[in-house]
Amino acid sequence: MADIDDITHDDRKQKRILTAVTPSTIEQHQYIEGISKHIEVLLHASESPLTTNTLKKHLSLSTKELTQALALLQQRLDTGVLSLHETASGYRLQVSDSYSSLIQRVFPQRQERLSQALLETLSVIAYKQPVTRSDIEHVRGVTLSSNILRQLFDKGWIIEDGYKETLGRPALLHTTAQFLDAFGLSHLDQLPPMPDMNAIKAMS
Amino acid sequence: MADIDDITHDDRKQKRILTAVTPSTIEQHQYIEGISKHIEVLLHASESPLTTNTLKKHLSLSTKELTQALALLQQRLDTGVLSLHETASGYRLQVSDSYSSLIQRVFPQRQERLSQALLETLSVIAYKQPVTRSDIEHVRGVTLSSNILRQLFDKGWIIEDGYKETLGRPALLHTTAQFLDAFGLSHLDQLPPMPDMNAIKAMS
Amino acid sequence: MQSERLAEPSAEVQDMSLRIYQTPVQHLPEDLYVPPQAFAIWLEQFAGPLDFLLYLVKKNNVDLTQMQILPITEQYLAYISELDTAHFELAGDYLLMASTLIAIKTELLLPKPETPTDERDPKAELIERLEEYAQIKVASQRLDSLIRLERDVFLSLVSMPNQDIMNAELPNYSPNMLIDSLFKMQLQPDYQMHSIKADTVPLSDRIASISRQLSTDGTCSFYELLDKTQGKIGVVVSFVAVLELMKRQLIGVVGSELESTPPTDDDDIKDNQIKPLKLQWLA
C-alpha cells in the first residue's frame, strides 16, 4: 500500500515541476482546476444535461475559462471511469462505454425494468405536458426524486423547454420523439385515452 | 461480457506468475487499479449501496484485494469531487460535503424538506418501533394522513413487518436500512438520544 | 455534531417557539378578533391538538407537572369555538381533544368521591400524553438536525453507457403501461402494501388493466378481459380483480337478459339459456 502511495506522489510531484515554469501559471492552473471541480459538481448534481450557457451563468465564467476548465476536467476524468459526454441538450457525465458489459453482467435487470415511480412520473408528464416538477409532485402526492428525473433525461424521453411564469420560474417538462419511439407511438394523439382520474379517486 | 471475464482471469494468472518471479509493484498496482475502476463502475450503476460481500462476489475478489482497491479508489476520488461513503447497507458514492452549498445554491429543488408532521411520524416509528398506525395517532394526537405514510413508504424509509395480535391485527411498522442510510446512521442505537423526561417536564 | 447538541439540551427544549410563515411569534393577539379563516391558517401551523396544547402551556409559563388544567382547557375551548365548520376536517382532531378537556373539566368541578376509584385519572393521563408528545417533538427536531442525504449531502447522478451499446435492441414498451401506472396510482390502498411473495400475476396489475379496458370500451364480457398469456392463475386473479372493482363500485354487471324484451308466453326452456353477463364501467 505504501508503495502505491509513493508512486502516485512522485508522479504528481514530477508533473508539477514540469508545468511550473513561472509562478503565475501555477496560480492560473489552480484557478482553472477549481473551476473544473465546480463544473464536475454541477454535472454530478444536475438532473438534466447542462449547456455551456448554464454552466457559464451559474459559475460566472468567461467562454475561455469554461473551455480551459472543461479540457482539464476531461483530462482528470481520463484517470477514472467517467467521461464527459456532450449531447444535443448539453453536457453530462456518463460511465465510459467500455464498462457496459460489466454493468450488464452485474445488473442485467437494470435496463429493462421501469419502476412504478418512474412510469407514474412519465405518465403525468406525457398526459399533462408541459408540467413543472411541482405539478408532478402535486398529482403523485409524493416528492419527486432527482434520480427518477435523471433517468428520464438519460433515456432521452423528456426535455426541459421553457419556464412557467410563477415564483422561481420552474422549468417546463415535455416528452420527446424518443419517448414516442420507445412506446411505439407516432404521435402523442395515439396515447391511450386518459380516464377521468377524479371520478376514480372519488369512488375508490 | 465473456471478454472481460477472460481478461480478468488472464490478468490474474499473469500477475501470479509475475509476482512469483519478480515482485513487481507496478504490475500489482495496475491490477488493483483495474479492480478499483470496476468497483467505481458498479457503485455508479447500482441503485442502492453495495456491501463488501456483493462487491467481492461480483468481481471475484479476496478481502485483501478489495481493501486495497477501495483504498486506491478513495485516493483517486480525492483528486475529484466525489467521496466514498460507508453506510448501514454498504458503500455509495456521494459528492463531497464541501460542495453541498454549491449544489444547494444552483439546484435548490434537490433539497428535500420534510414537514413537521412527517418528521414526528417518522420519529415515533424510529424510536418506538414496532408500532401500529394507531400507536402513532395516539402519540401525536392527530389522525395519520395516508399521504405521510405513502411518502415514507415511497422513500423506502419504513416497511410493514408482522402484525399486532389485537383487534383487526394491524400491521406493524419498522424503519429500514435505507432510513439509516439517509440520516447517516450505521445502526439504530446511533439515533440521537430521546430527550430526558425531567427536562421535558420542566419545560415552560 | 451530536455532542454539540447534547451540550445544551435546555436551549433546544426551550426553542419551541411558534412560527407563522417562518416568523417567530411570541404571543397570540389576545383581545384582537381573529377571523375564522385566518384562525384556521394559524392553527395549521400546529402539528395537532397536542402541539397546540403544548403551546398554550408554554404561553401560560407553567411547568407541565404544575399545569393547571382548568385555565388551559378554557383557553383551548375559546380558540376552538372560533373554528368555523368550513374547516371541519382540520377541526376533527381538535374537537376530539376538546371533548376530552370538557370531560376533565367536569370531573374537576364535581366533588371528589370519598373512595378512590380504579379508573385512571384523566388529567394525569392527558399530562402523560402531553409529555410523551413533547418528547417525540424534540426527538423529531434532533432527527432533523442530523446530516441528511439529499438535503445536506448529495448522491452523484451519473448516466449509464450509451444505450445502443448497453443493449443492441431496445425493449418495446406498450403505451398501456403508462395508463396502467396511473390507475395503480389512484387505486392503490391508503398506503402501499409490501407483500414479500412475488405474485406471477400481480392483482394490482390486473385491476389496473381491467379498469383501463372497461373505461375505454364501456362494457366487456369477463372472457374478453382475460390476458391469454397469463393462464389459469390469470383467470383467478382477474376474477378477484373484478370482485374488488365491483366492491369499489367502479364497475357493475349488466345482464343482457334483464334489458332484453320481457318474456312472452312463447318463451320455452330452450331459449331461456343464461346469456353471458357483461361488465360495465360505472365511474
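Only a predicted model underlies this, so the values are computations on that prediction, with no experimental measurement involved. (Residues numbered from 1 in each chain as written. Chains lettered and ligands numbered in written order. Predicted model: local features only at pLDDT ≥ 70, side-chain atom pairs only at ≥ 80, totals over all residues. Heavy atoms only, no water.)

### Details of the overall build of chain C
Scanning chain C from terminus to terminus reveals 13 helices and 6 strands. When the 283 residues of chain C are sorted by exposure, 38% land in the buried category. Contacts in chain C between residues far apart in sequence, at least 24 positions, make up 69% of those at least 6 positions apart. Only carbon and sulfur atoms are counted for the fraction: they give 55% of the accessible area of chain C, which is about 16700 Å². (Helix = DSSP H or I, 4+ residues; strand = E, 2+ residues; numbered from the N terminus. Buried < 20%, exposed > 50% of the residue type's maximum accessible area, 1.4 Å probe, protein only. Contact = heavy atoms within 4.5 Å. Areas by Shrake-Rupley, 256 points an atom, 1.4 Å probe, with all protein chains shown as cover.)

### Here's the deal with the packing of aromatic side chains
Per the counting criterion, the structure on display carries 9 aromatic pairs over all chains. Every member of this aromatic cluster is reached through a ring pair, and the members are C:Phe46, C:Phe52, C:Tyr55, C:Tyr76 and C:Tyr94. Cation over ring: B:Lys155 sits above B:Trp157, and NZ or CZ is 5.2 Å from the ring centre. (Phe/Tyr/Trp six-rings, centres within 6.5 Å; stacked < 30°, edge-to-face > 60°. Lys NZ or Arg CZ within 6 Å of the ring centre and 35° of its normal.)

### Points about empty space enclosed by the protein
Here the idea is plain: a probe the size of a water molecule rolls over the atoms and shows the empty space left. In the structure shown here, the tally under the stated rule is 2 cavities of 30 Å³ or more. A:Glu40, A:Leu77, B:Glu40, B:Arg76 and B:Leu77 are the residues nearest the centre of the largest cavity, which is lined by 14 residues in total. Secondary-structure elements contributing two or more residues to the lining of the largest cavity are helix H4 (63-77) of chain A together with helix H4 (63-77) of chain B. (1 Å grid on protein atoms, 1.4 Å probe; cavity = no way out; pocket = protein on both sides within 12 Å on 5 of 7 lines; lining within 4 Å. Points joined across faces, edges and corners; volume = space filled by probe spheres on them.)

### Here's the deal with the sheet that holds strand E5 (residues 251-254) of chain C
Pairing between sheet strands relies on hydrogen bonds along the backbone, with the strands arranged either parallel or antiparallel. Residues and elements named next belong to chain C. The strand order across the open sheet formed by 3 strands is E4-E6-E5, and the pairing between neighbours is antiparallel. Since the sheet does not close on itself, it has two edges, and those belong to strand E4 (219-221) and E5, each with one partner. Averaged over neighbouring strand pairs, the angle between their axes works out to 35° when direction is ignored. Bridge count between E4 and strand E6 (residues 278-281): 3 bridges; the pairing is antiparallel. Paired with Ser-221 across the two strands is Lys-278, which belongs to E6. (Pairing = 2+ DSSP bridges. Axes fitted to C-alpha atoms, helices over the stretch in contact; angles between N-to-C directions.)

### Description of the pattern of salt bridges
Enumeration over the complete set of coordinates arrives at 23 salt bridges over all chains. Measuring nitrogen to oxygen at the nearest pair gives 3.8 Å for the salt bridge that ties A:Asp154 to A:Arg92. Of this pair, A:Asp154 sits in helix H8 (residues 146-154) while A:Arg92 sits in strand E2 (residues 90-95), and the two are 62 residues apart along the sequence. Judged by its relative accessible area of 13%, A:Arg92 is buried. Several salt bridges converge on common partners, so that one network encompasses C:Asp144, C:Arg148, C:Arg151 and C:Asp152. (Salt bridge = Lys/Arg side-chain N within 4 Å of Asp/Glu carboxyl O.)

Any functional reading would require information beyond the geometric quantities listed.
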